[in-house]
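# Examination of the molecular architecture
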Amino acid sequence: MATPSSKTPSTKTKSMPARPASDFKTRFDAYNRLQAAAVAFGENLPIPEIVAVGGQSDGKSSLLEALLGFRFNVREVEMGTRRPLILQMVHDPTALEPRCRFQEEESEEYGSPIVLASTIADIIKSRTESLLKKTRSAVSSKPIVMRAEYAHCPNLTIIDTPGFVLKAKKGEPENTPEEILSMVKSLASPPNRIVLFLQQSSVEWCSSLWLDAVREIDPTFRRIVVVVSKFDNRLKEFTDRWEVDRYLSASGYLGENIKPFFVALPKDRNTVSNDEFRRQISQVDLDVIHHLREGVKGGFDEEKFSSYIGFSCLRDFLESELQKRYKEATPTTLALLEQRCSEVTAELSRMETKIQATSDVSHLRKSAMLHAASICNHVGALIDGAADPAPEQWGKTTNEEQSESGIGSWPGIRADIKPPNATLRLYGGAAFERVMHEFRCATYSVECPPVSREKVANILLAHAGRGGGRGVTEAAAEIARAAAQSWLAPLLDTACDRLAFVLGNLFDLAVERNHCRDSGYGRKTGDMDGYVGFHAALRHSYSRFLRDITKQCKQLVRHHLDSITSPYSQVCYENDFMGTYGSGASYTSKSNQASATSFCLELSDGGPTLEDEPMKDQENIPPEKNAHQTTPGKVTEAREVLRESQMTVPETPSPDQPSDGNNVGIKKELGNCIEVGARKRHPRIVGNSRNSDHLRVQNGGGLLFRGGDSSSRSGSAYSEICSLAAQHFARIREVLVERSVTSTLNSSFLTPCRDRLVVALGLDLFAVNDEKFMDMFVAPGAIDILQNERQSLQKRQKILHSCLTEFKTVARTL
């Protein structure tokens, strides 16, 4: 601690105004009781306190015993305890023998006085072991409080901490040294605490192990009192005055304004009486001063250093410093106590209202309905767009959504799907739209899978047997429909599950938002805190609502897929798609590109910000394609647009018959062929398939497979069907995503959450009789918990009001 010469301990003591000792005693007792209450109830009150820190074996335990004026063998349990020890020393002239009592672990009350001083160490050790076994930890910051009343101790409160160690002892966790260091820093960091730092004299400041740790607590050393312990061990090294003065100044390492205290205590650990122990302490002080005066040539600078040498000087300084800080802190403490008393009183009033409400069904219904409606409103606000609570804390990236939902990547897709803004933390409506776009990216990355020649031949020949010239188009369409069912159905289910996960996260967000809004405006939409059963039922009802709409949505999108892939659907035969191969493929490619970029506003660092930005800056957007849709793994084939008059079709296609322009067989008009065969189509299919298959009627057997000649396969029915199947698949995919699924997902998820959620939760929770409704509030043990909380608040209110009364009395004596 910075102690200029004008503020030396002796000067402080002399300059303090004369006041009766009873004033200091009253103030000290008031702070001790307040400290006991703070420990018992976990109150955070800025009470002036002294925290003793230092390495193991640096003399903290001996110093504590010297301050108390009697020994209780605390050194024997220093390695056995891993809890702070708060020693409240009360100077009581009537206590000729020490009266020590321990505060109960969960109460402000103190136990019975301890008769034998040796029992103190046993209680400290047993309490520590019991708590650490319960918490399954190596150290604990929960303090042990001991009050000692004695005629020979000062009015002083000091917090003893476990000593710093470099290595854990055998049987302890390896990280015990780090835990002790962290706990001590936490205890010493509050600005209302004075730090008493002990280091034995045999250690040079340049080699100090813990000086840097103390410097981190208070770099200015304004709150730190440095104590050099075991000073008698260093005395024999001094011969000249300059050596003593240089050592006592310590300015080279601690600074000019930092003056350490130098203390030596009796080394004899034999059992002696308390009077003999105090006599030995005084004798050691006299011996040290005598050695510095007589055993060192020239003595030492007594005017500068005498007030810092000896245990008695340190004790007087600590007592006067703490009393001065008590006086300075009294107005602040009084104001804080009044605030805490008001808060506890208000909290107790709310608890009384809760207990009374457990028998008032109408009040509970009203409060519960208001709370549920508020949660539903916040869910709607989060869907429509909100920035609180903080997205940085509550939002999720795309990877986090995939990982936490347990859904993972999109089924059947090997590519890493990265929609725009994938790295941003989003929630609510923003996260919903990002998943929608991710679904589009995933869907458009799927192409019609390769089909074996055997499958094509089976489909083609079967259709040829029934309808002749329609075989190519029908075979390609059937392949595309089967591929769409197989590959797109899992994507639809995954999209529903991902969107349900996004909406499921909104419940916790809505609860947090509701809590923050209520706290910010100082109001309650329905004081439902503590009703665990109701909150659990509300959460369960919300989850059930989401499961129901998710199930319904999956059925709807599957219905759309079934409709689009039905043999009676016109999707594969629409004129705007089948005009020509080149134009049809180009149209599909552009449609895919347009649909995939419908949500390409990239907000991540370095991403594009407009839809018309170059495609290379966007993630997972299908690039511009050639004029033809191709089967994955196949080389795109450039085809010339054929005139209708040039195309022919053989009467009976065969996978083994070569495609020879001279061997045309018996040609039939496509319109006539429709009337032949076992299965007939509706007229709309006839009209649409006329254009596609008639293109091959004049082409000399374009439907036939080429056998054994891979170089001529470009003109075979197999490659033609694969090409057409890819185009049909792309058309099915485009219509499904853009015309059906997108609107269905929005209407199936978002609309119910906005419009039906409050009604659904209300019917589920409140459309029940009173007996069932009260099950959420008066579950077994619920009333007991509330009554225990009320009892605890009443005790806290009582002790705080008592402390407030005392501090008002103290304030009047200042």
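Rules behind the numbers
Residues numbered from 1 in each chain as written. Predicted model: local features only at pLDDT ≥ 70, side-chain atom pairs only at ≥ 80, totals over all residues. Heavy atoms only, no water. Helix = DSSP H or I, 4+ residues; strand = E, 2+ residues; numbered from the N terminus. Buried < 20%, exposed > 50% of the residue type's maximum accessible area, 1.4 Å probe, protein only. Areas by Shrake-Rupley, 256 points an atom, 1.4 Å probe, with all protein chains shown as cover. Patch = residues over 30% accessible without salt bridge, like charges linked within 9 Å, V, L, I, M, F, W, Y side chains within 5 Å. Salt bridge = Lys/Arg side-chain N within 4 Å of Asp/Glu carboxyl O. Phe/Tyr/Trp six-rings, centres within 6.5 Å; stacked < 30°, edge-to-face > 60°. Core = buried A, V, L, I, M, F, W, Y, C linked by side-chain atoms within 4.5 Å. Contact = heavy atoms within 4.5 Å. pLDDT = per-residue confidence, 0-100. Axes fitted to C-alpha atoms, helices over the stretch in contact; angles between N-to-C directions. Parallel < 35°, antiparallel > 145°, perpendicular 65-115°, else oblique. Left-handed = near helix turned anticlockwise from the far one by under 90°. Pairing = 2+ DSSP bridges. Arc of directions from axis to C-beta.

## A short note on the overall build of the protein
Counting its secondary structure elements, the protein contains 27 helices and eight strands. For the protein, the proportion of its 814 residues judged to be buried stands at 51%. When the accessible surface of the protein is totalled, it reaches about 37400 Å², and 51% of it is carbon and sulfur.

## Notes on the environment of R246
Residue placement: R246 occurs in helix 7 (residues 241-249). Look at R246 and you get exposed, because its relative accessible area is 57%. With 54 residues separating them along the chain, R246 and F300 place their C-alpha atoms 9.9 Å apart.

## Topic: a nonpolar patch on the surface
Residues V758, V759 and L763 make up a contiguous nonpolar surface patch of roughly 270 Å² in combined accessible area. Position of L763 among the secondary structure elements: in helix 25 (residues 757-766).

## Some remarks on the packing of aromatic side chains
For any pair of aromatic rings, the description rests on two quantities: the centre-to-centre distance and the angle between the ring planes. For the structure shown, the criterion picks out twelve aromatic pairs. Residues F231 and F262 carry aromatic rings whose centres are separated by 5.2 Å and whose planes lie at 50° to one another, so their mutual orientation is tilted. Pair noted here: F231 is in the loop between strand 7 (224-229) and helix 7 and F262 is in strand 8 (residues 261-262), with a separation of 31 residues, a long-range link. Judged by relative accessible area, F231 falls into the buried class, the value being 0%.

## Quick notes on the nonpolar core
L196, L503, F534 and F749 are the most contacted members of the largest nonpolar core, which totals 148 residues. With sequence-adjacent residues up to four places away left out, L503 is seen in contact with I383, F432, Y542, L546, F749, L750 and C753. One finds I86, V145, V228 and A250 within the second-largest nonpolar core, a separate group that totals 42 residues.

## Some points on the confidence of the model for the protein
Interpretation of this model should avoid reading the predicted coordinates in detail wherever pLDDT is low. For the protein, the mean per-residue pLDDT works out to 75, and 72% of the residues sit at or above 70. Highest mean pLDDT in the protein belongs to strand 8 (94); lowest belongs to helix 22 (residues 670-673) (31). A low-confidence stretch, residues 4-19 (pLDDT under 50), is modelled with 21 contacts involving residues beyond four sequence positions or located in other chains. Below a pLDDT of 50 lies the segment residues 575-600, which in the model reaches 69 contacts outside its immediate sequence neighbourhood of four places, other chains included.

## A short note on the environment of V244
Structurally, V244 is set in helix 7. Taking the relative accessible area as the measure of exposure, V244 reaches 0% and is therefore buried. Sequence separation between V244 and G298 is 54 residues; the distance between their C-alpha atoms is 9.8 Å.

## Focus on unusual backbone geometry
Following D388, the chain continues to P389 via a peptide bond in cis, the omega torsion being 5°. As for its placement among the helices and strands, P389 is situated in the loop between helix 12 (361-384) and helix 13 (391-394). Of note in this structure, N421 is not a glycine but carries a positive phi near 70°. Along the polypeptide, N421 turns up in the loop between helix 14 (398-405) and helix 15 (428-444). For N421, a relative accessible area of 4% translates into the label buried.

## Here we look at the pattern of salt bridges
Throughout the structure, instances matching the rule amount to 34 salt bridges. Here E204 ties to R234 by a salt bridge, and the two come within 2.5 Å at their closest N and O atoms. Note that E204 is positioned in the loop between strand 6 (193-200) and helix 6 (211-217) and R234 in the loop between strand 7 and helix 7, a separation of 30 residues in sequence. Since its relative accessible area comes to 35%, E204 is described here as partly exposed. Overall, the relative accessible area of 8% leaves R234 in the buried class. In this structure, a network of salt bridges that share partners links the residues D92, R99, R101, R147 and E149.

## As for the packing of helix 19 (residues 532-564) against helix 25
With their axes 10 Å apart at the nearest point, helix 19 and helix 25 run at an angle of 130° to one another. One finds that helix 19 runs oblique with respect to helix 25. For the pair helix 19 and helix 25, the sense of crossing is right-handed. In this structure, helix 19 contributes F534, A537, L538, S541, Y542, R544 and F545 to the contact, and helix 25 contributes L757, A760, L761, D764, L765 and F766.

## Here we look at the sheet that holds strand 3 (residues 99-102)
Taken together, the eight strands give an open sheet; going across it, the order is 3-4-2-5-1-6-7-8, and neighbouring strands pair in mixed fashion. A single partner strand is all that each edge strand has here, and the edge strands are strand 3 and strand 8. The pairing of strand 6 with strand 7 spans six bridges and is parallel. Across the sheet, Q199 pairs through a bridge with V228, a residue of strand 7.

## Regarding helix 14
Residues of helix 14 that are buried: T398, E401 and Q402. Each buried residue of helix 14 lies within a common arc of 95° when the element is viewed along its axis, so the set occupies one face. Backbone geometry just after helix 14 places G406 at a positive phi near 75°.

## Considering the pairing of strand 4 (residues 144-150)
Within strand 4, seven of the seven residues are buried, which leaves the element mostly enclosed by the surrounding structure. The side-chain alternation of strand 4 yields two buried faces, one formed by I144, M146, A148 and Y150 and the other by V145, R147 and E149. Both strand 2 (residues 85-91) and strand 4 contribute to a ladder of seven bridges, which runs parallel. Across the sheet, I86 pairs through a bridge with V145, a residue of strand 4. By the bridge criterion, four bridges tie strand 3 to strand 4 in an arrangement that is antiparallel.

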